[in-house]
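Tertiary structure, described
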Amino acid sequence: MVAKIIDGREVARKLRGEYAVRVSELKAQNGRAPGLAVILVGDNPASQVYVRNKVRACSDVGIDSKFIALPANTTQAALLQQVDDLNGDMTIDGILIQLPLPPHIDIRDVLERISVEKDVDGFHLYNVGGLVTGSTVFSPCTPYGVQKLLEHEKIPVEGANVVVVGASNIVGKPTALMLMSQDATVCICHKKTRDLAQFTLLADILVVAAGVPGLIVPQMVKTGAVVIDVGINRLPDGTLIGDVDFEGVRQKASYITPVPGGVGPMTVTMLLHNTIVSAERTLAASKR
Ligand code: NAP
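Quick caveat, the model's predicted, so the values are computed rather than measured.

What counts as what
Residues numbered from 1 in each chain as written. Predicted model: local features only at pLDDT ≥ 70, side-chain atom pairs only at ≥ 80, totals over all residues. Heavy atoms only, no water. Near = heavy atom within 4 Å. Polar contact = N/O pair within 3.5 Å; in protein donor to acceptor, adjacent residues only side chain to side chain. Areas by Shrake-Rupley, 256 points an atom, 1.4 Å probe, with all protein chains shown as cover. Pairing = 2+ DSSP bridges. Helix = DSSP H or I, 4+ residues; strand = E, 2+ residues; numbered from the N terminus. Core = buried A, V, L, I, M, F, W, Y, C linked by side-chain atoms within 4.5 Å. Buried < 20%, exposed > 50% of the residue type's maximum accessible area, 1.4 Å probe, protein only. Contact = heavy atoms within 4.5 Å. Axes fitted to C-alpha atoms, helices over the stretch in contact; angles between N-to-C directions. Salt bridge = Lys/Arg side-chain N within 4 Å of Asp/Glu carboxyl O.

Let's shift gears to the site of the ligand. Not every one of the 21 residues close to the ligand is listed here, only the nearest: Ala167, Ser168, Val230, Ile232 and Thr267. At 2.7 Å from an oxygen atom of the ligand is found a main-chain nitrogen or oxygen belonging to alanine 167. In the environment of the ligand, a nitrogen atom lies 3.3 Å from a nitrogen or oxygen atom belonging to the backbone of valine 230. Relative to its unbound accessible surface of 920 Å², the ligand loses 70% to contact with the protein.

Bringing the sheet that holds strand β1 (residues 4-5) into the picture now. Whenever strands of a sheet pair, they do so through backbone hydrogen bonds, lying parallel or antiparallel. Taken in spatial order, the six strands line up as β1-β11-β8-β7-β5-β6 in an open sheet, and their pairing is parallel. Strand pairing shows two members of the sheet lacking a second neighbour, β1 and β6 (185-189), which therefore form its edges. Two strands pair when backbone bridges link them, and β1 and strand β11 (residues 255-256) are joined in this way by two bridges, in the parallel orientation. When the bridges of β11 are listed, isoleucine 5 appears paired with isoleucine 256.

Looking now at the pairing of β6. Successive residues of a regular strand alternate their side chains across the two faces of the sheet. By the bridge criterion, five bridges tie strand β5 (residues 161-165) to β6 in an arrangement that is parallel. If you follow valine 164 over to β6, its bridge partner there is isoleucine 188.

This next bit is on the nonpolar core. With 50 residues, the main nonpolar core has Leu36, Ile63, Leu150, Ile205, Val207, Ile228 and Val230 as its most contacted residues. Counting residues per element, this core draws most heavily on helix α10 (residues 263-287), at ten residues. Leucine 150 has contacts with Ile155, Val157, Leu179, Ile205, Val226 and Ile228, leaving out every residue within four places of it along the chain. Counting residues in each nonpolar core, the second largest holds 18 residues, with Ala37, Leu70, Ile97 and Leu101 among its members.

A separate point is unusual backbone geometry. In this structure, proline 100 follows leucine 99 across a cis peptide bond, with omega equal to 0°. Geometrically, the link from valine 259 to proline 260 is a cis peptide bond, its omega value of 0° lying close to zero. Even without glycine at this site, lysine 154 takes up a positive phi of about 55°. On the secondary structure map, lysine 154 appears in the loop between α6 (141-152) and β5. Taking relative accessible area as the criterion, lysine 154 reaches 72% and is therefore assigned exposed. Within the chain, aspartate 183 stands out as a residue other than glycine whose phi angle is a positive 70°. Structurally, the position occupied by aspartate 183 is in the loop between α7 (172-180) and β6. In this structure aspartate 183 comes out as exposed when scored by relative accessible area, which is 51%.

Let us look at the environment of proline 71. Mapped onto the fold, proline 71 is located in the loop between β3 (64-70) and α3 (76-87). Sequence separation between proline 71 and aspartate 43 is 28 residues; the distance between their C-alpha atoms is 7.6 Å. Discounting chain neighbours no more than four positions away, the residues touching proline 71 are Val41 and Gly42.

This paragraph deals with the environment of leucine 206. Looking at the element boundaries, leucine 206 is found in strand β7 (residues 205-208). Residue classification places leucine 206 among the buried residues on the basis of a relative accessible area of 0%. Counting along the chain gives 79 residues from leucine 206 to asparagine 127, while the straight-line C-alpha distance between them is 25 Å. Beyond its immediate stretch of four places on either side in the chain, leucine 206 contacts Val163, Val165, Thr200, Ile216, Val221, Val226, Val227 and Ile228.

Okay, the sheet that holds strand β4 (residues 94-97) next. A sheet is described by the order of its strands in space; here three strands give the open sequence β3-β2-β4, paired in parallel fashion. Across the chains shown, the open sheet's two edge strands, defined by having one partner strand only, are β3 and β4. Within the sheet, the average angular offset between the axes of one strand and its neighbour, ignoring direction, is 15°. Here helix α2 (residues 45-61) sits on the sheet in contact with β2 (35-41), β3 and β4, set at roughly 170° to β2.

Per the counting criterion, the structure on display carries ten salt bridges. Note that glutamate 10 is salt-bridged to arginine 13, the shortest N-O span being 2.7 Å. One end of the pair, glutamate 10, and the other, arginine 13, are both in helix α1 (residues 8-30), three residues apart, so they sit about a helical turn from each other. We classify glutamate 10 as partly exposed; its relative accessible area is 29%.

Within the fold, asparagine 274 resides in helix α10. Note on asparagine 274: relative accessible area 2%, which makes it buried. A polar side-chain atom of asparagine 274 sits 3.2 Å from a polar atom in the side chain of histidine 273. Apart from residues lying up to four places away in sequence, asparagine 274 is in contact with Val120, Phe138, Ser139, Cys141 and Tyr144.

See the structure below:
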C-alpha cells in the first residue's frame, strides 16, 4: 500500500478562497474588513517568521492585520494594557499573542486577559475548558487544522482508534479532546510512555506532535493507518522535516501528511477562519 499524500497547501488554498468571499461579504455589510491584532514581544527569529506568515495570510484573504512589535523588556503591566486596549477596539475581531513570551512575563495571566470573544488562538482557559464541555468559542488552530484535513479527506473519526503522540497544551491535548468529542477512542502518549509502538500500532488515525525527527518508523504503524504529522523540525542544513519517517511510513499508511505542506498551512488558515467567525458573530450581535 502507498499512502495518499494529503496536500495541506491545496486544502488551505481552497478554504482561503471561501474565506476571501466571506470577508468581502463582511466588508459590504459592516463597512470594514475583519481585524486581527498580532502581538510579538521580543525578537525571536522563528516567531518573526511565524508572525510574518500570519500577517501575509491575512492580507491574502482581505483581513486587516495590525502588527504590534514590542521590545523584549516590555513589562507585564504594559503588555496587559496593550491587550486591554485591543479588547476595547471595535475594529479588532481577534487578538493573537505570539508565543513564546520572554521569561519575565506570566503567559497565563496575559492569555486570560484576552477577551474570550477575541481569543482566536483558542488558548484562553474558557476556550480550553470548552474542549471538554463542548462550549468552545474558538477551537485552537493546529488541532482544528488537523480536524479539517480529516474532514476534507472524508476520513471517518467516529469509532476510530486515535493515538496522539505528544501531550502539549497547544497541540497534543486539544487534538485528543477534539477527536474524542467526535466519538473517537483516543489514547495520548508522551515522553514517559513505555513502549510507544504498542500504542501507535493500534491507531487507525495516528497524530504525531512530539517535535522529534524520525520518531515514527514504519514498524510502529498499522497497515492502512492515517498518519498526520504535526511535527516541524529544522535540520542543521535548514531542511524542515516532521516527526514521521515520511518515505518509510508512506509505504504502509493509507493517508499521510507531508512536512512541510501538511498541517502547517492549515494552522494559519484556521486562524483566518476564527477571525472571520468572530467578525461575523459581532455583526450578527449588532443586528439584534
Ligand atoms: P512540546 O510542547 O515540546 O510538546 C511535545 C510533546 O511531545 C510533549 O507532550 C512530550 O512529552 C512529547 N514527546 C517528546 N518526545 C517524545 C517521545 N520521544 N515520545 C513520545 N512523546 C514525546 O511541543 P508542541 O508545541 O506540542 O509541538 C510539537 C511539534 O509540533 C513541534 O515539532 C512543533 O514545531 C510542531 N508544531 C507544528 C505546528 C504546525 O502548525 N504544523 C503547530 C504547533 C507545533 P512530555 O509531555 O512527557 O514532555
